[in-house]
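# Chains, contacts and geometry: an overview
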Amino acid sequence: MPGYPIPGQSLYFPPAMYRLEVPIETDSLGMSATLFGQQARDGYLTETGKGVSLNLEAGKSQELDASFLRDLAATAAGFLGEGYEMLRAADERGMKSSTPPPRRHRLVELISYAEHASELLSRAGAPERVELSADYLCELRATTTAFDRWRHHPAWPHLVATLGTATEGQHSVMMLTLASYLVDADNGVGILADNATSGRIADLWLEPSVKKRLELEVKTPLMLRGPISAPLIDSDAEGMVTRLLKKSAGQLNRDHDGVLAIGGFHLGPGTLERIVDAGTRVLGRMVHRKAKLAALVVAEIGAALTEAVDSSGATSVSLSAAVKTRVVQHPGYRGDLNLRDQ
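Residues numbered from 1 in each chain as written. Predicted model: local features only at pLDDT ≥ 70, side-chain atom pairs only at ≥ 80, totals over all residues. Heavy atoms only, no water.

As a further point, take the overall build of the protein. A count of helical and extended segments in the protein gives nine helices and eight strands. Computed over C-alpha atoms, the radius of gyration of the protein comes to 22 Å, within 12% of the 20 Å expected from 2.2 N^0.38 for 342 residues, which places it in the range of a compact globule. Dimensions of the protein, computed from the C-alpha atoms along their principal axes, are close to 75 × 55 × 45 Å. Looking at the protein as a whole, 42% of its 342 residues qualify as buried. Long-range pairs, those at least 24 residues apart, make up 75% of the contacts in the protein with a sequence separation of at least 6. Surface summary for the protein: the accessible area is close to 18,300 Å², and the carbon and sulfur share equals 52%. Across the protein, the 36 positively charged side chains and the 41 negatively charged ones have centroids separated by 7 Å. (Helix = DSSP H or I, 4+ residues; strand = E, 2+ residues; numbered from the N terminus. Rg over C-alpha atoms; globule rule 2.2 N^0.38 Å. Buried < 20%, exposed > 50% of the residue type's maximum accessible area, 1.4 Å probe, protein only. Contact = heavy atoms within 4.5 Å. Areas by Shrake-Rupley, 256 points an atom, 1.4 Å probe, with all protein chains shown as cover. Lys, Arg positive; Asp, Glu negative; His and termini not counted. Charge placed at Lys NZ, Arg CZ, Asp CG, Glu CD.)

Put into structure tokens, the structure is as follows:
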């Protein structure tokens with residue numbers, strides 16, 4: 001069905017003439033198998049955009065220049081559609097107010113910064129150096145690439161609508177980034193559809209086999225939507241992990257194995273590892289609890305800049321998003337799935 005993943009342990013039959021002389025006894029192998037053809041395969045690859053990286057699309061300049069930033073801002077604004085001008089006007093009023101809002105609309109803020117950066121580069125002379133925020137530009141790049149990759153998925157209209165909200169946009173970016181990561185690692189991945197509105201509903205699910213389902217709930221707490229102003233201390237990291245584990249219990253279905261993914265943006269040196277260490281300690285105290293919880297995943301979207309020098313000595317800079325992931329195994333997990341982070 002459209003929007004559904006192809007399970008693991010599946011057999012793909014490309015178009016051909018097949019001579020079948022004996023039955024295939026999968027039960028004797030202790031497994032169940034799904035047979036699928038080219039139409040199902042092509043549909044899944046199109047919906048998930050498998051193989052599309054978070055780098056620049058083929059055929060476009062990889063140089064970080066004024067033209068690229070203008071195109072990047074225009075692409076992002078296009079996702080907001082007719083609502084962009086209203087959101088931009090509201091953001092400008094808020095910034096001019098005597099009491100500016102504590103948090104701006106994130107995508108509008110990123111678009112505004114990219115347009116400002118483009119103007120700075122346009123006005124700068126050849127020898128002049130311009131300082132830009134790689135964090136902001138790479139997050140905007142990750143947003144446009146993730147949403148462009150998944151534009152053929154049935155859940156895309158629901159997901160792209162979250163970009164217009166105050167807080168859900170970054171959650172959708174992280175969810176699509178993790179979904180891309182899992183798809184490219186040859187997992188069958190499904191995304192929550194807009195008509196799934198009742199019961200325990202996780203953001204993503206994987207089908208390791210036709211009889212198994214692994215649910216994945218994504219959390220992007222505001223305290224991890226950086227660049228963060230101060231390093232996260234151990235007690236705060238443990239408290240956050242504990243709260244999110246309790247909160248995720250309402251989304252993960254008790255009938256299936258589950259994973260909690262905690263995502264952040266531009267966390268700074270050492271923060272990702274500090275959250276991983278905190279998760280290890282918290283799960284270590286739950287060795288006799290949450291038998292269906294397979295693991296905790298910690299992910300960060302950050303900046304990746306590549307500088308290249310050609311034979312003439314000219315320097316160019318390319319921009320992409322870097323995604324870091326860590327898997328913390330739950331010692332109390334009693335299921336039969338094996339989660340690998342390589």
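What follows picks up the thread again.
This paragraph deals with the packing of helix α2 (residues 66-80) against helix α4 (residues 106-123). Relative placement of two packed helices is described by the angle separating their axes and the distance separating the axes. Relative to each other, α2 and α4 sit at 160°, their axes nearing to 8 Å. Taken as axis vectors, α2 and α4 run roughly antiparallel relative to one another. In this structure, α2 crosses over α4, and the sense of that crossing is left-handed. Residues Ala66, Leu69, Arg70, Ala73, Ala76, Ala77 and Leu80 of α2 pack against Leu107, Val108, Ile111, Ala114, Glu115, Ala117, Ser118, Leu121 and Ser122 of α4. Considered class by class, the residues forming the contact of α2 with α4 number twelve nonpolar, two polar and two charged. (Axes fitted to C-alpha atoms, helices over the stretch in contact; angles between N-to-C directions. Parallel < 35°, antiparallel > 145°, perpendicular 65-115°, else oblique. Left-handed = near helix turned anticlockwise from the far one by under 90°. Nonpolar A, V, L, I, M, F, W, Y, C, P; charged D, E, K, R; others polar.)

Okay, the sheet that holds strand β8 (residues 315-329) next. Spatial strand order, β3-β4-β5-β6-β7-β8: six strands in an open sheet with mixed pairing. Looking along the sheet, the strands with just one partner apiece sit at the ends: β3 (189-191) and β8. Direction aside, the axes of adjacent strands within the sheet are offset by 25° on average. Where strand β5 (residues 212-219) lies against strand β6 (residues 257-265), six bridges are found, and the strand directions are parallel. Bridge pairing in β6 places Lys219 opposite Ile262. Contacts from helix α5 (residues 134-149) reach β6, β7 (293-309) and β8 within the one sheet, and its direction differs from that of β7 by about 115°. The strands touched by helix α8 (residues 234-248) are β5, β6 and β7; relative to β6, the strand with the most contacts, the crossing angle is about 135°. (Pairing = 2+ DSSP bridges.)

Quick look at unusual backbone geometry now. Residue Gly226 is joined to Pro227 through a cis peptide bond whose omega torsion reads 10°. When you line up the elements, Pro227 lands in the loop between β5 and α8. Of note in this structure, His266 is not a glycine but carries a positive phi near 55°. Summarising the element assignment, His266 is placed in the loop between β6 and α9 (271-284).

With that settled, consider the nonpolar core. With 59 residues, the main nonpolar core has Ile111, Leu140, Phe147 and Ile191 as its most contacted residues. Filtering out sequence-adjacent residues up to four positions away, Leu140 remains in contact with Leu72, Ala76, Leu107, Leu110, Ile111 and Ala114. With 23 residues, the next largest nonpolar core counts Met240, Leu244, Leu267 and Met286 among its residues. (Core = buried A, V, L, I, M, F, W, Y, C linked by side-chain atoms within 4.5 Å.)

Our next topic: the pattern of salt bridges. Oppositely charged side chains can form a pair if their charged atoms are brought close together. Taken as a whole, this structure holds 20 salt bridges when the rule is applied. With its nearest N and O atoms 3.0 Å apart, the salt bridge here joins Arg149 to Asp184. Of this pair, Arg149 sits in helix α5 while Asp184 sits in helix α7 (residues 168-184), placing them 35 residues apart in sequence. Arg149 gets classed as buried once you look at its relative accessible area, which sits at 5%. A salt bridge links Asp234 to Arg274; its shortest N-O distance comes to 3.7 Å. Taken together, the positions of Asp234 in helix α8 and Arg274 in helix α9 put the pair 40 residues apart, joining distant regions of the chain. Note on Asp234: relative accessible area 42%, which makes it partly exposed. Linked by salt bridges that have partners in common, Lys212, Asp257, Lys292 and Asp336 make up one network. (Salt bridge = Lys/Arg side-chain N within 4 Å of Asp/Glu carboxyl O.)

Turning our eyes to something else, we now look at the packing of aromatic side chains. For the coordinates displayed, the defined rule picks out six aromatic pairs. Cation over ring: Arg106 sits above Tyr136, and NZ or CZ is 4.8 Å from the ring centre. (Phe/Tyr/Trp six-rings, centres within 6.5 Å; stacked < 30°, edge-to-face > 60°. Lys NZ or Arg CZ within 6 Å of the ring centre and 35° of its normal.)

Below, the discussion takes up the environment of Leu192. Considering the arrangement of structural elements, one finds Leu192 in the loop between β3 and β4 (204-209). A C-alpha to C-alpha distance of 37 Å links Leu192 and Tyr18, two positions 174 residues apart in sequence. What Leu192 contacts, discounting residues up to four positions off in sequence, is Ala155, Ile201, Ala202, Asp203 and Trp205.

Let's shift gears to the confidence of the model for the protein. Mean pLDDT over the protein: 86, with 91% of residues reaching 70 or higher. A low-confidence stretch, residues 55-61 (pLDDT under 50), is modelled with eleven contacts involving residues beyond four sequence positions or located in other chains. (pLDDT = per-residue confidence, 0-100.)

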